[in-house]
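Reading the structure
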Amino acid sequence: MLRERVYRATNGYVMTLVNFVVLSVAIWQIVARAETGNAFLIVFWSIVTALASLSFAGLFTVQPNEAKALTLFGAYKGSVRAAGFWWANPFMYKRRVSLRARNFETAKLKVNDSHSNPVDIGAIVVWRVVDSAEALFEVDDYENFVRVQSESAVRALASSFPYDAHTPNEVALSTNPDEIATSLHKALQERLQKAGVEIIEARISHLAYAQEIASAMLRRQQANAIIAARQRIVEGAVYMVENALTMLAERAVVSLDNERKAAMVSNLLVVLCSDRDAQPIVNTGTIYQ
């Protein structure tokens, strides 16, 4: 693979001054030799004038967080990263590459998750070029390469994890954003390393069930929430009934046999677990009537 190497360019201010001096001397010599009629010196200084004028084409500037890749007749000679005013061979072709951080959002893709449920997913990718030679010469269009490979990585990620966790400690797209972001970052870096690109950050920006199953999945989520709530209510009710029986026995408030305890437990569980307010019935006799 073609790697970036540093090209030591000449100070542009110095070369500008040298070119002006040479050009001034050459023009003065041409005028002076024209009076004497020395054809050879006139041609010589004319050539010097042309070369000095051509040399100005070798001047270029490099902005902060920018690189200029230099090629001479198709051969890569190196890159200039240092910001400033520089001069290089005027026949060299200078291609600008931005080293600044960039970000974009992928299109919202419809993909089947690991449980074959269709989901809509999108991601935000923050990236930058770290090797100008690889970015320019290893891939045809590195910006388009980043976009296409990012969408491919998002598709692969969505197919590797479920939308919701169905078992304990299962990594899911909706409940483990940090783990998912780490997996996406790793997958993107592996795909884009050949283009001289570094992934700074990658995170899911949009995640939802596809429209055709959204209503069904919403009902399933509501059912799961109701089941979880009922389970918590039952656990709390059993704890409260157990405490009530223990306190009645310890304080000798009333003595109940097993049958009456079972009836009391049943009544308390009905009252505590019901989703409606209890309607009490006042017993004016004994508990055995």
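Heads up: these notes are all about the structure in this document. This is a predicted model, so every value here is computed, not measured.

Calculation rules
- Residues numbered from 1 in each chain as written.
- Predicted model: local features only at pLDDT ≥ 70, side-chain atom pairs only at ≥ 80, totals over all residues.
- Heavy atoms only, no water.
- Core = buried A, V, L, I, M, F, W, Y, C linked by side-chain atoms within 4.5 Å.
- Buried < 20%, exposed > 50% of the residue type's maximum accessible area, 1.4 Å probe, protein only.
- Helix = DSSP H or I, 4+ residues; strand = E, 2+ residues; numbered from the N terminus.
- Contact = heavy atoms within 4.5 Å.
- Pairing = 2+ DSSP bridges.
- Axes fitted to C-alpha atoms, helices over the stretch in contact; angles between N-to-C directions.
- Parallel < 35°, antiparallel > 145°, perpendicular 65-115°, else oblique.
- Left-handed = near helix turned anticlockwise from the far one by under 90°.
- Nonpolar A, V, L, I, M, F, W, Y, C, P; charged D, E, K, R; others polar.

**Some thoughts on the nonpolar core**
- Counting 34 residues, the largest nonpolar core has Trp-127, Val-129, Tyr-142, Leu-184, Leu-188, Val-197 and Ile-199 as its most contacted members.
- Only strand 3 (66–72), strand 8 (109–112), strand 9 (118–129), helix 3 (132–137), helix 4 (142–160), helix 5 (177–192) and strand 10 (197–209) provide two or more residues apiece to this core.
- If one sorts the elements of this core by residue count, helix 4 sits on top with 7 residues.
- The residues touching Trp-127, leaving out its near neighbours within four places in the chain, are Arg-100, Ala-101, Arg-102, Phe-104, Tyr-142, Glu-143, Val-146, Val-197, Glu-198, Ile-199 and Ile-200.

**A look at the sheet that holds strand 1 (residues 10–11)**
- Across the sheet, which stays open at both edges, the 3 strands sit in the order 1-5-2 with antiparallel pairing between neighbours. The sheet is open, and its two edges are formed by strand 1 and strand 2 (59–62), each paired on a single side.
- The sheet contact formed by strand 2 and strand 5 (residues 84–87) spans 4 bridges and is antiparallel. Along strand 5, the bridge assignment pairs Leu-59 with Trp-87.

**Considerations on the packing of helix 4 against helix 5**
- Packing of helix 4 against helix 5 brings their axes to within 9 Å, and their N-to-C directions diverge by 135 degrees. Relative to helix 5, helix 4 is oriented oblique. Viewed along their axes, helix 4 and helix 5 form a crossing whose handedness is right-handed. Taking contact as the criterion, the partners of Phe-145, Val-146, Gln-149, Ser-150, Ser-152, Ala-153, Val-154, Ala-156 and Leu-157 in helix 4 are, on helix 5, Ile-180, Ser-183, Leu-184, Ala-187, Leu-188, Arg-191 and Leu-192.
- Of the residues in the contact of helix 4 with helix 5, the class split is 11 nonpolar, 4 polar and 1 charged.

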